[in-house]
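Descriptive structure summary
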Amino acid sequence: MSQNKAAKGGAASKGKKSSKTGAEDKREDALQAVLIADSFQTRFHPFTVEKPRCLLPLANTPLIEYSLEFLAANGVQEVFIYCGAHHEQIERHIHNSKYSPNSKLCPFSSLEFIRVADARSIGDFLRDLDKRNIIGGDFVLVHGDLVANIPLDEALAAHRARREANRDSCMTMVLREAGEEAHNTKTKGLTPSFIIDPNAKRCLHYEEIHPLQTEHYLTLDPTILENREAEARTDLIDAEIDICTPDVLALWSESFDYELPRANFLHGVLKDWELNGKMIHTEIINEGYCARVSNLQQYDAIAQDVLRGWTFPFTPECNLFQGQTYQQRGNDSYQDDDAEVEDQDEIYRSIVGKDTHIGSGSIARASVVGRNCKIGTNVRIVNSFIWDDVTLEDNAIIEHSIIADRGVIGKDTYVHDGSLISYGVHLGSHLHVKAGTVASLLSHTGQPVLTQPNIVGSEGKGALFEPPEDEEDLDDPAILQKTLNYTIVGLDVSDSSVSTLADDDYLSDTSGPVSPSASQPTSRSRLSSFASDDSGAPNFSSFHSDAVHGLLDVLRGISGNFESEKLEFTSLRLANNASDAAMRKAVATAFVRRAVELMNSDGEALEPSKAAKQVLTSREGATEFVTEVGVGDHSVAEQVEFALAVQKACASSAKIVEVAKAGNLLAAMLQQMYDLDILEEEGILGWWEDDRGKEEGLLSGVREKSQALVEWLENADEEESSEEEDDDE
């Protein structure tokens with residue numbers, strides 16, 4: 001945020017406070033809440049193609065029910081629900097529930113839906129809310145996937161006291177202390193890091209650390225530590241429960257590029273605290289339960305917590321959702337009315353919904369079975385989630401997977417760990433569905449797909465789900481949270497454990513922060529908190545997408561040339577403060593993607609060798625662009641990094657073409673880049689020896705085809721050395 005922009009924002013905030021209407025003053029008496037029902041994240045694909053996340057069932061109860069119950073329990077009177085995709089489903093659900101404004105049971109004095117058809121982020125919602133001028137005082141901001149039983153009385157009182165003492169105290173985050181050890185509801189793959197003044201309970205800095213970073217640094221402005229104590233806290237669960245003043249909305253409006261509440265807004269406001277003058281505080285609690293179902297792994301963890309009773313009173317026997325009549329049975333299990341279980345002793349710590357029948361010999365362990373399901377005989381369900389109207393035929397086995405509404409699993413079919421079977425998918429009989437399979441009837445755009453019998457069987461219905469291209473980014477930390485199982489296998493994960501506070505004085509391209517045990521400089525791209533992709537930048541996915549599509553347009557001959565694209569690319573990098581790694585990745589991805597297009601052309605499909613040559617030479621300036629922008633300073637280290645980026649891009653393309661073809665393309669790209677002097681012999685040999693390219697999976701699969709090129713280079717090097725020795729003699 002620029003200084004002028006921040007200064008203007010501070011004035012705007014104060015101006016808004018001084019221009020309240022009488023209606024706003026009146027509304028200050030009622031505690032208001034804003035519930036974001038659309039999170040704009042696709043970490044629940046393929047299920048959210050057809051249904052919003054807030055309506056997905058958690059322990060047979062739609063998620064939004066937990067969120068609304070939390071608000072009601074804390075005395076909220078007015079609720080504004082922001083809806084984006086699938087808004088009609090959300091509105092229909094609320095109007096048919098006790099939360100309907102027409103219901104006598106509704107605990108709120110008012111409940112209003114707000115639609116923003118063109119919203120692309122949470123930031124768009126909150127900027128729209130600021131324009132509407134309907135928030136009259138303090139309000140609670142939560143999401144539609146919140147499960148929490150904590151009281152807000154003390155946090156609200158502390159927030160109001162701070163606000164009265166200093167009008168620049170604009171927000172209080174409610175955080176749950178969880179300890180440094182592993183915890184069920186800590187978000188896997190991402191560590192929220194708070195720097196907090198323990199005396200003032202003021203948040204001084206926020207950063208997110210993830211395993212894909214090259215270095216694990218927190219970069220701090222030294223001035224924020226002047227005359228203060230500070231604690232670095234990585235032991236907190238952040239369910240994004242925020243108590244806000246209207247000034248928070250003004251701050252969102254001042255920065256139109258903020259999209260996410262933490263990675264963008266919180267980080268940005270704290271970074272520019274001297275300019276905007278606003279302070280954000282924390283209330284850290286050590287009792288109660290609060291967590292967000294922000295990804296599939298959290299869904300799994302929180303559902304198990306519900307089964308264990310840790311979320312009381314939001315447990316099955318409390319019958320939170322209308323029409324539920326759960327009663328506890330033996331083995332810590334719960335059954336709704338009219339559920340028929342032939343072998344009751346085989347149901348352990350599980351939930352069975354209304355009108356579901358489970359045949360003899362079938363077992364359920366730590367699982368949830370929805371309503372109106374037909375479970376055959378000798379079926380085994382372990383640590384899995386079976387939603388409504390599902391049929392599991394005799395001898396089916398489901399292990400740690402999700403079977404969505406109307407799914408059918410045939411006889412003797414084994415669904416292995418981590419599989420996601422979406423709405424209406426039919427799996428035939430006698431199949432072994434490999435671990436991590438994602439099957440759907442629809443593409444990510446909502447279009448029907450052609451059935452793949454090799455996946456769902458000859459009598460089946462469905463196909464492998466292909467996620468959007470931006471979800472396949474192997475350097476984006478979001479990839480760590482898109483599956484039911486947390487895994488870093490096949491990812492380029494740093495083993496660095498450095499955790500250092502760095503002065504801004506060191507944040508230049510020529511010097512880096514000095515760790516306690518070393519004084520080697522590190523580039524800015526590895527230290528910037530949220531400005532670069534290596535450190536988890538919120539702008540990374542935007543930079544990558546824009547950069548790749550711009551290059552593809554030039555490669556396809558649709559627009560521009562490489563001379564103008566170089567200027568555009570540089571401007572895009574500066575606007576997003578993208579790292580060298582992000583640059584390399586974007587260039588490699590675009591050129592490989594274009595080569596794959598040429599290989600899959602409906603007209604004259606090219607062989608990998610011809611596709612590689614055409615993509616690197618057919619457009620004037622392409623070779624120079626790859627050399628100058630993709631490789632950079634042309635050192636051996638930079639060549640190795642670019643070769644790795646090309647390898648990863650080819651590995652990603654193996655989901656479109658065969659692994660063998662992707663391997664041939666990698667070998668052809670390296671050969672062409674060697675012939676064009678983009679890569680030198682030392683660079684290719686250095687890449688071949690780099691352990692990062694040898695990891696099992698697609699990376700090693702596409703690497704094998706380059707062995708002949710490497711051996712040829714090694715032999716040529718030996719012959720050259722022999723000739724030099726002969727000349728010396």
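On a predicted model such as this, the values are computed, not experimentally measured, just so you know.

Take the overall build of the protein next. Each helix and strand in the protein was counted, giving 21 helices and 37 strands. A total of 729 residues make up the protein; the buried ones form 55% of that total. Considering only contacts in the protein between residues 6 or more positions apart, those separated by 24 or more positions represent 61%. Here the protein displays about 30,900 Å² of accessible surface, and carbon together with sulfur accounts for 46% of that area.

With mixed pairing, the nine strands of this open sheet are ordered in space as 16-17-20-23-26-29-32-35-36. Two strands lie at the open edges of the sheet, namely strand 16 (327-329) and strand 36 (463-464), each paired on one side alone. Note: strand 29 (residues 402-403) against strand 32 (residues 420-421), two bridges, orientation parallel. Bridging across to strand 32, Ile-403 finds its partner in Ile-421.

Turning our attention to the pairing of strand 5 (residues 110-115). In this structure, strand 4 (residues 78-83) lies alongside strand 5, joined through six bridges in parallel fashion. Across the sheet, Ile-81 pairs through a bridge with Phe-113, a residue of strand 5.

Turning to the sheet that holds strand 27 (residues 391-392), a few remarks are in order. One open sheet accounts for six strands, arranged 18-21-24-27-30-33; its pairing is parallel. Two strands in the sheet have a free side with no partner beyond their single neighbour: strand 18 (340-341) and strand 33 (426-427). Where strand 27 meets strand 30 (residues 408-409), two bridges bridge the pair, whose relative direction is parallel. Bridging across to strand 30, Leu-392 finds its partner in Ile-409.

Looking now at the nonpolar core. Core analysis: the biggest nonpolar cluster contains 62 residues, and Phe-569, Phe-591, Met-669 and Met-673 have the highest contact counts within it. The element that contributes the greatest number of residues to this core is helix 14 (residues 580-599), accounting for twelve residues. With sequence-adjacent residues up to four places away left out, Phe-569 is seen in contact with Phe-543, Ala-547, Leu-551, Met-583, Ala-586, Val-587, Phe-625 and Val-629. Formed by 35 residues, the second largest nonpolar core is a distinct cluster that contains Phe-80, Tyr-82, Cys-203 and Tyr-206.

Between the first and last C-alpha of helix 17 (residues 636-653) there are 26 Å, a value that for 18 residues agrees with the 26 Å anticipated at 1.5 Å per step. Counting buried residues along helix 17, 14 of its 18 residues qualify, which places the element largely inside the surrounding structure.

Here the focus is the packing of aromatic side chains. Scanning the model with the defined rule gives 18 aromatic pairs in all. Each ring, one from Trp-387 and one from Tyr-423, has its centre 6.1 Å from the other, and the planes form 45°; the classification is tilted. Here Trp-387, found in the loop between strand 26 (385-386) and strand 27, pairs with Tyr-423, found in the loop between strand 32 and strand 33; they are 36 residues apart in sequence, far enough to count as distant. Accessibility expressed as a relative area gives 4% for Trp-387, which makes it buried. Look at Tyr-423 and you get buried, because its relative accessible area is 2%. With a centroid separation of 5.3 Å and an interplanar angle of 50°, the aromatic rings of Phe-562 and Phe-625 are classed as tilted. In this pair, Phe-562 is assigned in helix 13 (residues 562-576) and Phe-625 in helix 16 (residues 622-631), connecting sequence segments 63 residues apart. For the pair formed by Phe-562 and Phe-625, the shared burial category is buried.

Once that is clear, we can look at the packing of helix 3 (residues 63-73) against helix 4 (residues 87-95). Each pair of packed helices can be summarised by the angle the axes make with each other and by the distance between the axes. Where helix 3 contacts helix 4, the axes come no closer than 12 Å and their chain directions differ by 60°. The angle between the axes of helix 3 and helix 4 places the two elements in the oblique class. With respect to the hand of their crossing, helix 3 and helix 4 are arranged in right-handed fashion. Mapping the contact onto sequence places Ile-64, Glu-65 and Leu-68 in helix 3 and Ile-90, His-93 and Ile-94 in helix 4. Here the contact of helix 3 with helix 4 is built from residues that sort into four nonpolar, one polar and one charged.

Another point: helix 18 (residues 659-675). With 17 residues, helix 18 extends 24 Å from end C-alpha to end C-alpha; this agrees with the ideal 24 Å at 1.5 Å per step. Within the sequence span of helix 18, burial applies to Ala-662, Gly-663, Leu-665, Leu-666, Ala-667, Ala-668, Met-669, Leu-670, Gln-672 and Met-673. Asp-677 sits one or two positions beyond helix 18 and adopts a positive phi of about 65°.

Bringing the side chain of Glu-65 into the picture now. Take Glu-65: it is sitting in helix 3. Notably, Glu-65 is buried but unbridged: the nearest opposite-charge side chain belongs to Lys-98, and the N-O separation is 6.0 Å. Among all residues touching Glu-65, those that are not within four sequence positions of it are His-93, Ser-97, Tyr-99, Leu-320 and Phe-321.

Moving on, we come to a negative patch on the surface. Together, Asp-675, Asp-677, Glu-680 and Glu-682 make up a region of like negative charge exposed at the surface. Counting through the fold element by element, Asp-675 comes out in helix 18.

In this section: the pattern of salt bridges. Going through the model one piece at a time under the given rule, you end up with 34 salt bridges. Note that Asp-128 and Arg-132 form a salt bridge whose closest N and O atoms lie 2.5 Å from each other. Of this pair, Asp-128 and Arg-132 both sit in helix 5 (residues 122-132), four residues apart, roughly one helical turn. When the shortest N-O distance is used, the salt bridge between Asp-247 and Lys-278 registers 3.1 Å. With a gap of 31 residues between them, Asp-247 in helix 7 (residues 246-254) and Lys-278 in the loop between helix 9 (273-276) and strand 14 (279-285) connect regions that are remote in the sequence. Accessibility classification places Asp-247 together with Lys-278 in one group, the buried group. Among the charged side chains, a salt-bridge network with shared partners connects Asp-138, Arg-160, Arg-163, Glu-164 and Arg-167.

At a minimum axis separation of 11 Å, helix 14 and helix 18 run at an interaxial angle of 120°. By the angle class used here, helix 14 and helix 18 are oblique. Where helix 14 crosses over helix 18, the two elements pack in a sense that is right-handed. Residue-level inspection shows Phe-591, Val-592, Ala-595, Val-596 and Met-599 of helix 14 in contact with helix 18, the latter providing Lys-661, Leu-665 and Met-669.

The next thing to look at is the confidence of the model for the protein. For the protein, per-residue confidence averages 83 on the pLDDT scale, and residues scoring 70 or more make up 82% of the total. Note on residues 1-27: pLDDT under 50 across the span, and 39 contacts to partners over four residues away in sequence or across chains. Within the model, pLDDT remains below 50 along residues 494-541, and this stretch shows 108 contacts once partners closer than five positions in the same chain are excluded.

Let's shift gears to the side chain of His-400. Here His-400 lies in the loop between strand 28 (397-399) and strand 29. His-400 sits in the buried class, given a relative accessible area of 12%. For His-400, the residues in contact, after removing those within four places along its chain, are Asp-300, Val-382, Asn-383, Ser-384, Asp-417, Gly-418, Ser-419, Leu-484 and Asn-485.

For the bond from His-45 to Pro-46, the omega torsion is 10°, close enough to zero to count as cis. By secondary structure assignment, the location of Pro-46 is in the loop between strand 1 (32-36) and strand 2 (57-58). The step from Phe-312 to Pro-313 runs through a cis peptide bond, and the omega angle for that step is 10°. Non-glycine residue Asp-389 carries a positive phi angle of around 60°. Among the secondary structure elements, Asp-389 is positioned in the loop between strand 26 and strand 27. If you check the backbone angles, Asn-395 has positive phi at about 70° while not being a glycine.

Cut-offs applied
- Residues numbered from 1 in each chain as written.
- Predicted model: local features only at pLDDT ≥ 70, side-chain atom pairs only at ≥ 80, totals over all residues.
- Heavy atoms only, no water.
- Helix = DSSP H or I, 4+ residues; strand = E, 2+ residues; numbered from the N terminus.
- Buried < 20%, exposed > 50% of the residue type's maximum accessible area, 1.4 Å probe, protein only.
- Contact = heavy atoms within 4.5 Å.
- Areas by Shrake-Rupley, 256 points an atom, 1.4 Å probe, with all protein chains shown as cover.
- Pairing = 2+ DSSP bridges.
- Core = buried A, V, L, I, M, F, W, Y, C linked by side-chain atoms within 4.5 Å.
- Expected span 1.5 Å × (residues − 1).
- Phe/Tyr/Trp six-rings, centres within 6.5 Å; stacked < 30°, edge-to-face > 60°.
- Axes fitted to C-alpha atoms, helices over the stretch in contact; angles between N-to-C directions.
- Parallel < 35°, antiparallel > 145°, perpendicular 65-115°, else oblique.
- Left-handed = near helix turned anticlockwise from the far one by under 90°.
- Nonpolar A, V, L, I, M, F, W, Y, C, P; charged D, E, K, R; others polar.
- Lys, Arg positive; Asp, Glu negative; His and termini not counted.
- Salt bridge = Lys/Arg side-chain N within 4 Å of Asp/Glu carboxyl O.
- Patch = residues over 30% accessible without salt bridge, like charges linked within 9 Å, V, L, I, M, F, W, Y side chains within 5 Å.
- Charge placed at Lys NZ, Arg CZ, Asp CG, Glu CD.
- pLDDT = per-residue confidence, 0-100.

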